[in-house]
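Each chain, letter by letter, is given below.
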Amino acid sequence: MYEPSSAIKGKQAVFEAHPENAAVKALSDLATDAKFDRNELTITVARESIIAACETLKQASYNFLEDVTAVDWYPSEPRFQIVYHILSMSLKERLRLVVRLDSDDAAIDSITPVWPAANFYEREIFDLFGVHFGGHPNLRRIMMPEDWNGHPLRKDYPVEGYR
């Protein structure tokens, strides 16, 4: 049975509890926060460090980008959370890499130079949440028509759309 008290929170506590984890070793200088809960490792990095973090993880045998998604925490700030699910097939370990973005500056560098598979995921987040990915090779809408007004997965988007 899961006990909430078994979660480890905070960069220092997580990194001390899992010193042999490849992601912990690789991101020791780039991580700003961490959590280990339900046998899942989540490491938070600053927006400016996302490319360096992905390149570092790739060198540490995390070779498969499974997914990129976003969460809107409106009305809280930072409002957006960009979540990268990354897998190391050789180590048989998963990692959740997180970046938090303020609503007044919802932009982050594209990781498509590191993992080309991020292309459509980033376009989907751009289309549905309005987060801009700098340096993306083809950042345009993927789900909604090009002339659509707004971003439908934002929590402040009207349920029936703008009229």
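Quick look at the structure, then. Because the structure is predicted, anything quoted here is derived from the model rather than measured.

Before going further, it helps to spend a moment on the sheet that holds strand β1 (residues 8-9). Pairing within the open sheet is mixed, and its 6 strands lie in the order β1-β2-β3-β6-β5-β4. With one partner strand each, in any of the chains shown, β1 and β4 (64-72) form the two edges of the open sheet. Note that strand β5 (residues 80-88) and strand β6 (residues 93-101) share 9 bridges and pair antiparallel. Counted as the bridge partner of H85 is R96 from β6. On top of the sheet, helix α3 (residues 50-59) reaches β3 (40-45), β5 and β6; it is set at about 175° to β6, its chief contact. Strands in contact with helix α4 (residues 118-129) are β4 and β5; relative to β4, the strand with the most contacts, it is inclined by about 5°.

A cis amide bond links Y74 with the next residue in sequence, P75, at an omega value of 10°. Locating P75 in the fold gives a position in the loop between β4 and β5. The amide bond that connects E77 to the next residue, P78, takes the cis arrangement and shows omega of -5°. Non-glycine residue S61 carries a positive phi angle of around 80°.

Scoring rules and cut-offs
- Residues numbered from 1 in each chain as written.
- Predicted model: local features only at pLDDT ≥ 70, side-chain atom pairs only at ≥ 80, totals over all residues.
- Heavy atoms only, no water.
- Pairing = 2+ DSSP bridges.
- Helix = DSSP H or I, 4+ residues; strand = E, 2+ residues; numbered from the N terminus.
- Contact = heavy atoms within 4.5 Å.
- Axes fitted to C-alpha atoms, helices over the stretch in contact; angles between N-to-C directions.

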